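Listed below are the residues making up each chain.
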Amino acid sequence: MEKVYGKIENGVIVNIEVWENSPSSNYISMENYPSGFGIGDLYDENTDTLSRPIYVNTAEDNYDIALKRLSTSDWTQGADANLTTSNLADWVTYRAAIRAIAINPIAGNLDWPVKPNTEYNT
Amino acid sequence: MTINNKTLSTLQGLVTATTTTEGNFRTGMNDVLAQVNANQEALAISVDCPGVLTTLTGSGSYTIPSGSQAVYIVASGGGGGGAYRLLSSGDTDDAYYNGTAGGNTTVSNSSLGLSITARGGNGGSFNYAGNLTGSSVTPSSNSFIQIGRGSAGGQGRSSGATNQTSKSDANGRPATLAGVYLKSASVSGKVLSYSVGAGGSGGSTAESGQPGFIQLWIW
């Protein structure tokens, strides 16, 4: 029965291959790792564990995130939002920072501006 | 058109002329026999159907049958796994689970100078996934590389909020197809070492890519 194995070189999965018979010792079997693995994953032979390198957002990822944060806070700029003056100013500052990212998106896992709480006029 | 590199009129002069000598007659007949033999050998290769047609789906080694005179090898990497996107309904960010790349399929034999690498397809991504480059075939004559024409990538999917439109490119990318035709008596009995790339894993519940394969046509 054919099974999927990961080929390990220097602690990194460099290929995933199909084998009918168990290959040499520098392979690990997919069936022993129910969460699966992929090329580029890191393998620690001492602990027999896998980890995936942290995904770094592309500029397009960050553009999408910024756009969504802007669109979901559009309501705060409406005349009938009924936010306190200081809270409205917080939202304006927040959205300006988000907008700056949307205009010039860069790659990386960004330290995003913190969304203000919502304070309404009583 | 020549007969053993001599023209027809030259051969007629050697063999059928009334004035030919025994030596010239023997030379001419040798030319004719050599040409007939060459013709028969060429016909044996060009007219016969392939003696073996097989598809390899697991890694290992394969011995080309003794007496073979040509082999056509086609290799496909594994397709990339599909991506999964969980659409959020509030102002939280969507969750992305990209697929992983399919494995590479390789075929090699050092004495034949043969080395094929067919790259697997990239894992699905909700941004542009692109195709994996770096496939290669040696020798390069009578060879081909077709990016994205190999095993299929897995189907991507999205779920969650229903009021959003999923972006494209969620599917895993198809693998690359690569191959070469070797016509030589030296292929006889050679052992091909090969590994077949597995399909990439789908992100979360998305579909995995299809595994690679190797097709052999042997004459």
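Right, let's walk through the structure included here. This is a predicted model, so every value here is computed, not measured.

## A closer look at the overall build of chain A
The secondary structure content of chain A amounts to 2 helices and 5 strands. Helices (α) and strands (β) of chain A occur, in sequence order from the N terminus, as β-β-β-β-β-α-α. Over its C-alpha trace chain A gives a radius of gyration of 24 Å, far above what one expects of a compact globule, namely 14 Å for 122 residues. Counted over contacts in chain A with a minimum sequence separation of 6, partners at least 24 positions apart contribute 48%.

## Focus on the pairing of strand β13 (residues 213-218) of chain B
All names here are of chain B. Here β13 shows a clear split, with I214, L216 and I218 buried on one side and none of F213, Q215 and W217 buried on the other. Sheet topology places strand β1 (residues 52-56) next to β13; 5 bridges connect them, and they run antiparallel. Counterpart to T54 in the pairing with β13 is L216. Bridge count between strand β3 (residues 70-76) and β13: 6 bridges; the pairing is antiparallel. Its bridge partner being in β13, S76 is matched across the sheet by F213.

## Digging into unusual backbone geometry
Residues and elements named next belong to chain B. Looking along the chain, the bond that leaves T138 and enters P139 is cis, with omega of 0°. Mapped onto the secondary structure, P139 falls in the loop between β8 (136-138) and β9 (143-146). Positive phi, normally seen in glycine, also occurs at N142, with a value near 55°. One can find N142 in the loop between β8 and β9.

## Quick notes on the interface of chain B and chain A
Opposite the 28 residues of chain B that make contact, chain A presents 22 residues. Surface buried jointly by chain B and chain A totals about 1,800 Å² across both partners, of which 43% is contributed by carbon and sulfur atoms. Inspection of the region where chain B meets chain A yields 0 salt bridges. Inspection of the region where chain B meets chain A yields 6 residue pairs in polar contact (both at pLDDT 80 or more). Tallying contributions element by element places strand β12 (residues 191-197) of chain B first for the side of chain B that touches chain A, with 3 residues. Here the side of chain B that touches chain A is built from residues that sort into 5 nonpolar, 19 polar and 4 charged.

## Thoughts on the packing of aromatic side chains
For the structure shown, the criterion picks out 8 aromatic pairs over all chains. Relative to Y27 of chain A, the ring of W19 of chain A has its centre 5.7 Å away and its plane inclined at 70°; by these criteria the two rings are edge-to-face. Residue Y27 of chain A is classed as buried on the basis of its relative accessible area of 15%. Among the aromatic residues, those joined into a cluster by ring pairs are Y72, Y181, W217 and W219 of chain B. Of note, R69 of chain A hangs over the ring of W112 of chain A, and the distance from its end group to the ring centre comes to 4.7 Å.

## Points about the layout of surface pockets
Taken as a whole, the largest pocket holds about 980 Å³ of empty space. Around the largest pocket, the lining comprises 39 residues; the ones closest to its centre are R52 and Y55 of chain A together with Y97, N98 and G99 of chain B. Mapped by element, the contributors of at least two residues to the lining of the largest pocket are β5 (49-51) and α1 (59-71) of chain A together with β5 (95-97) of chain B. Broken down by element, the residue count for the lining of the largest pocket peaks at 4 residues, all from α1 of chain A. Looking at the lining of the largest pocket, its residues break down into 14 nonpolar, 18 polar and 7 charged.

## Focus on the sheet that holds β3 of chain B
Residue and element names in this part refer to chain B. Spatially, β1-β13-β3-β11-β9 is the arrangement adopted by the 5 strands of the open sheet, whose pairing is antiparallel. The open sheet has two edge strands, β1 and β9, and neither has a second partner. Neighbouring strand axes in the sheet, compared pairwise and without regard to direction, differ in orientation by 10° on average.

## Quick notes on the nonpolar core
Judged by nonpolar contacts, the single largest core of 32 residues is most densely connected at I73, V107, L114, I116, I214 and L216 of chain B. When contributions to this core are tallied by element, the ones reaching two or more residues are β2 (12-19) of chain A together with β3, β7 (114-118), β11 (177-183), β12 and β13 of chain B. Dropping the residues within four chain positions of it, I116 of chain B is found in contact with I73, A75, T105, T106, V107, S136, V137, A178 and V180 of chain B.

## Some details on the environment of G124 of chain B
Mapped onto the secondary structure, G124 of chain B falls in the loop between β7 and β8. It is 8.2 Å that separates the C-alpha atoms of G124 of chain B and G203 of chain B, two residues lying 79 residues apart in sequence.

## Re helix α1 (residues 8-15) of chain B
Within α1 of chain B the residues assigned to the buried category are L11, L14 and V15 of chain B. For α1 of chain B, the angular spread of the buried residues around the axis is 85°, confining them to a single face.

## Re the packing of α1 of chain A against helix α2 (residues 85-103) of chain A
Residue and element names in this part refer to chain A. Two numbers describe how α1 lies on α2: the axes approach to 8 Å, and their chain directions differ by 150°. With respect to their mutual orientation, α1 and α2 come out roughly antiparallel. The handedness of the crossing between α1 and α2 is left-handed. Taking contact as the criterion, the partners of N62, Y63, A66, R69 and L70 in α1 are, on α2, Y94, R95, I98, R99, I101 and A102. A breakdown of the residues in the contact of α1 with α2 according to their chemical character gives 7 nonpolar, 1 polar and 3 charged.

What counts, and where the lines are drawn
- Residues numbered from 1 in each chain as written.
- Chains lettered and ligands numbered in written order.
- Predicted model: local features only at pLDDT ≥ 70, side-chain atom pairs only at ≥ 80, totals over all residues.
- Heavy atoms only, no water.
- Helix = DSSP H or I, 4+ residues; strand = E, 2+ residues; numbered from the N terminus.
- Rg over C-alpha atoms; globule rule 2.2 N^0.38 Å.
- Contact = heavy atoms within 4.5 Å.
- Buried < 20%, exposed > 50% of the residue type's maximum accessible area, 1.4 Å probe, protein only.
- Pairing = 2+ DSSP bridges.
- Buried area = accessible area lost by both parts, 1.4 Å probe.
- Salt bridge = Lys/Arg side-chain N within 4 Å of Asp/Glu carboxyl O.
- Polar contact = N/O pair within 3.5 Å; in protein donor to acceptor, adjacent residues only side chain to side chain.
- Nonpolar A, V, L, I, M, F, W, Y, C, P; charged D, E, K, R; others polar.
- Phe/Tyr/Trp six-rings, centres within 6.5 Å; stacked < 30°, edge-to-face > 60°.
- Lys NZ or Arg CZ within 6 Å of the ring centre and 35° of its normal.
- 1 Å grid on protein atoms, 1.4 Å probe; cavity = no way out; pocket = protein on both sides within 12 Å on 5 of 7 lines; lining within 4 Å.
- Points joined across faces, edges and corners; volume = space filled by probe spheres on them.
- Axes fitted to C-alpha atoms, helices over the stretch in contact; angles between N-to-C directions.
- Core = buried A, V, L, I, M, F, W, Y, C linked by side-chain atoms within 4.5 Å.
- Arc of directions from axis to C-beta.
- Parallel < 35°, antiparallel > 145°, perpendicular 65-115°, else oblique.
- Left-handed = near helix turned anticlockwise from the far one by under 90°.

Keep in mind that these numbers describe shape and distance, not what the molecule does.
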